[in-house]
Amino acid sequence: STAGAKFDYDNFFATELDKKKRDQSYRYFNNINRLAQAYPTAHTGTGDNVTVWCANDYLGMSRHPVVTEAMKRAVDTYGTGAGGTRNIAGNAALHLKLEASLADLHNTDAALVFSSCFVANDATLCTLAQKMPGCHIFSDASNHASMIQGMRNSRAPKHVFRHNDVAHLESLLQSVPLETPKIIAFESVYSMCGSVGPTQEIIDLAKKYNALTFLDEVHAVGMYGARGAGVAEYQDLMSQIDIITGTLGKAFGVVGGYIAGSANLVDMVRSFAPGFIFTTSLPPPVVAAALSSVEYLKESRLERSGQQLNVRDLKARLRDVGIPVVPNPSHIVPVLVGDAAMAKRVSDELLRDHAIYVQSINYPTVSVGEERLRITPTPGHTPVMMDELVRSLQVLWKKHGLRSEADWALEGGRAGVGCGKVVEQLVRSEDLVVPASYANAREENRAMLVV
């Protein structure tokens, strides 16, 4: 027999969970059931209706008839499941059409679809960094956990540069020989602070120091650019990016992830990445829905214009009443609270007392002391919904004595709030499509969604 006490597994689990609860990083999931015919309304587990202000279904495409009808037709034709991996019975014409559509969207040779963009980022970074001899990865400090996981799994040397600090990035690149393979990994829109990556400057450094560029456009595809290909398209830089990753689960309203790039690079990942090879492929109905959404948003600019109009309005409204918004040029509206327990309390009270759902964001997603509410306006939110959100935040800020923009300024600022920064929106007003129907809808307190 083995000497000594047995390891108490359940007690270990309980202790670790208790640590998270005590440091306020434990995650509580709300029961939110979004209603397709009442977007952006949802019902809770008790059946109460609430207005959702934090979903990543940024444009309401999850309930668009073009998307839902495509899914229904595919269910009737192909059933609900893919039947296997892409190598075994799971490689259908719909998958190939979707990949061709995504390659066309990003003007690349090829694209490859994954079960999620977490898997796409993890598998791609891990595979490329492992296969290229002596590869070094240079990573923005605010990169998503999926990218960080791929870097860790690759075991390649990693150099972290301060968020959006190209001077720091260059100093790190200078420490590695020119002939050594390198990947610079960054995002176009950082989803918790709303900042936008310095894409042109990073491209310039990649060319200078012989590095591949890996751009995560997860929070930008569908919403930026003439055809919704992302920030790189809007800035006319797409052709200079080596690897673009995106999601089908946010602005496109479905689920799944993908990469786009040169034919050889994409085939390299297809042929060597376990995260692609050894998993069941996306179900045909999901692929059909995603394909319809991507194709629709290549042509329609109304949804992203409506989103941008509401983003502009909400940021201005909050600024006017002193609610502290982290300044940024994107569609994200982060409201700084600065305390984990209070951020959750405000979120809970918004839901319970005001029928508004905005999730609180705590460590490790954001730094301790920078806890916030993350608000994401959509073209489906009406002026009255916005009135109610602003009024409710004012009530809770007063009730709990929370810091205003001016209060943060007196303390020297935090997370960009109270630092005197004025940030213009990335998308210029002249690039928005604002038909008369949108102006009329706003005047009549109706949603701008076209269906």
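Here is a short report on the structure shown in this document. On a predicted model such as this, the values are computed, not experimentally measured, just so you know. (Residues numbered from 1 in each chain as written. Predicted model: local features only at pLDDT ≥ 70, side-chain atom pairs only at ≥ 80, totals over all residues. Heavy atoms only, no water.)

## Here's the deal with the packing of aromatic side chains
Under the convention used in this document: For Phe, Tyr and Trp, rings pair up if their centres lie within 6.5 Å, where Trp contributes its six-membered ring, and each pair is then called stacked (planes under 30 degrees apart), edge-to-face (over 60) or tilted (otherwise). Only DSSP runs of H or I covering at least 4 residues are called helices, and only runs of E covering at least 2 are called strands; the numbering of each starts at the N terminus. Note on classification: 1.4 Å probe, protein chains only; a residue is buried when its accessible area is under 20% of the maximum for its type, exposed when over 50%, partly exposed between these limits. The rule is short: NZ of Lys or CZ of Arg within 6 Å of the ring centre and within 35 degrees of the ring normal puts a charge over the ring.
Throughout the structure, instances matching the rule amount to five aromatic pairs. Seen in terms of ring centroids, Phe 114 and Phe 276 are 5.6 Å apart; in terms of plane orientation they differ by 70°. Their pairing is edge-to-face. Taken together, the residues Phe 114 in strand β4 (residues 110-114) and Phe 276 in helix α10 (residues 274-277) connect sequence positions 162 residues apart. As far as the burial class goes, Phe 114 and Phe 276 line up, both buried. Every member of this aromatic cluster is reached through a ring pair, and the members are Phe 7, Tyr 9, Phe 12 and Phe 13. Above the ring of Tyr 28, the side-chain terminus of Lys 344 is found at 4.6 Å from the ring centroid.

## Looking at the nonpolar core
Convention followed: Take the buried Ala, Val, Leu, Ile, Met, Phe, Trp, Tyr and Cys residues and link them wherever side-chain atoms come within 4.5 Å; each set so joined is a nonpolar core. When checking whether two residues touch, look at their non-hydrogen atoms; a contact exists if any pair is within 4.5 Å.
Core analysis: the largest hydrophobic core is formed by 67 residues, its most contacted members being Leu 102, Ile 184 and Tyr 224. Considering each element in turn, this core owes the most residues, nine residues, to helix α11 (residues 284-299). Apart from the residues lying within four places of it in its own chain, the contact partners of Leu 102 are Ala 111, Val 113, Leu 248, Tyr 258 and Val 294. Counting 26 residues, the second-largest nonpolar core is a separate cluster that includes Ala 123, Ala 129, Cys 135 and Met 147.

## What to know about the state of the cysteines
In a disulfide, the sulfur atoms of two cysteines are covalently bonded to one another. Rules: Two cysteine sulfur atoms make up a disulfide if the distance between them is within 2.5 Å.
Using the criterion set out here, one finds zero disulfides in the structure. Cysteine Cys 54 shares no disulfide, and the gap to the nearest cysteine sulfur, in Cys 193, comes to 17 Å. Judged by relative accessible area, which is 13%, Cys 54 ranks as buried. Left without a disulfide partner, Cys 135 is nearest to the cysteine sulfur of Cys 126, which lies 11 Å away.

## Details of the pairing of strand β6 (residues 158-161)
For the record, the criterion: If you view a crossover with the strands going away from you and the path from the first strand over the helix to the second runs clockwise, you call it right-handed.
Residues His 159 and Phe 161 line the buried face of β6, whereas the alternating positions Lys 158 and Val 160 sit on a face that is not buried. Assessed by its sense of winding, the connection that carries the chain from strand β5 (residues 136-140) through helix α5 (residues 145-154) to β6 is right-handed.

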